[in-house]
Amino acid sequence: MFIAYVVLAVLLSVLLVVSGRAKLVRDQDITETLTRLGVPQRLFPVLAALEFAGALGLLAGILYRPLGIAAGIGVVLYFAGAVVSHLRAKDFKGAPVPSVLVLVSAAPLVLGLATV
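Residues numbered from 1 in each chain as written. Predicted model: local features only at pLDDT ≥ 70, side-chain atom pairs only at ≥ 80, totals over all residues. Heavy atoms only, no water.

Asker: I keep staring at the pattern of salt bridges and nothing clicks. Help me out?
Answerer: Side chains that carry opposite charge are capable of pairing whenever their charged atoms lie near each other. If you walk through the whole model with that rule in mind, you get two salt bridges. Of the charged contacts, one joins lysine 23 and glutamate 51 as a salt bridge, the two residues approaching to 3.4 Å between their closest N and O atoms. Separated by 28 residues along the polypeptide, lysine 23 in helix α1 (residues 2–24) and glutamate 51 in helix α3 (residues 44–60) bring together distant segments of the chain. With respect to class, lysine 23 is no different from glutamate 51; both count as buried. (Salt bridge = Lys/Arg side-chain N within 4 Å of Asp/Glu carboxyl O. Helix = DSSP H or I, 4+ residues; strand = E, 2+ residues; numbered from the N terminus. Buried < 20%, exposed > 50% of the residue type's maximum accessible area, 1.4 Å probe, protein only.)

Asker: Help me out: how do you make sense of helix α5 (residues 96–114) in this one?
Answerer: Between its terminal C-alpha atoms α5 stretches 27 Å, which fits the 27 Å expected from 19 residues at 1.5 Å a residue. What α5 keeps buried is the set Pro98, Leu101, Val102, Ser105, Pro108, Leu109, Leu111 and Gly112. Contacts from the buried residues of α5 go to α1, α3 and α4 (65–88). (Expected span 1.5 Å × (residues − 1). Contact = heavy atoms within 4.5 Å.)

Asker: Could you clarify how one ought to interpret unusual backbone geometry in this entry?
Answerer: Backbone geometry places arginine 26, a non-glycine residue, at a positive phi of 55°. By secondary structure assignment, the location of arginine 26 is in the loop between α1 and α2 (28–36). Accessibility expressed as a relative area gives 33% for arginine 26, which makes it partly exposed. Positive phi outside glycine occurs at lysine 90, with the angle close to 60°.

Written out as structure tokens, the structure is:
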């Protein structure tokens, strides 16, 4: 299970870094989506920092599992918040992506807990 945790933690970390970078450079699609959800542009760097912290925590969790578990909880909550934001804005077409990411981000959390 340790190898599965490492693989999932690395893949999810890459996804988080790519997503965070898109927020920092104000990628057009990301900007349009977040603006439609009512997220002010001044919060984009904060969201990016949360994603970078989650990625770093998941990677650090390879060596120190409690940190990886904490990061996993944070990433799951981050994407759960994204689902709630989509639903509150009645953006039902946009909700499936963060919903899947909640499940994807739960996998390293579960594996991290299983390999403590």
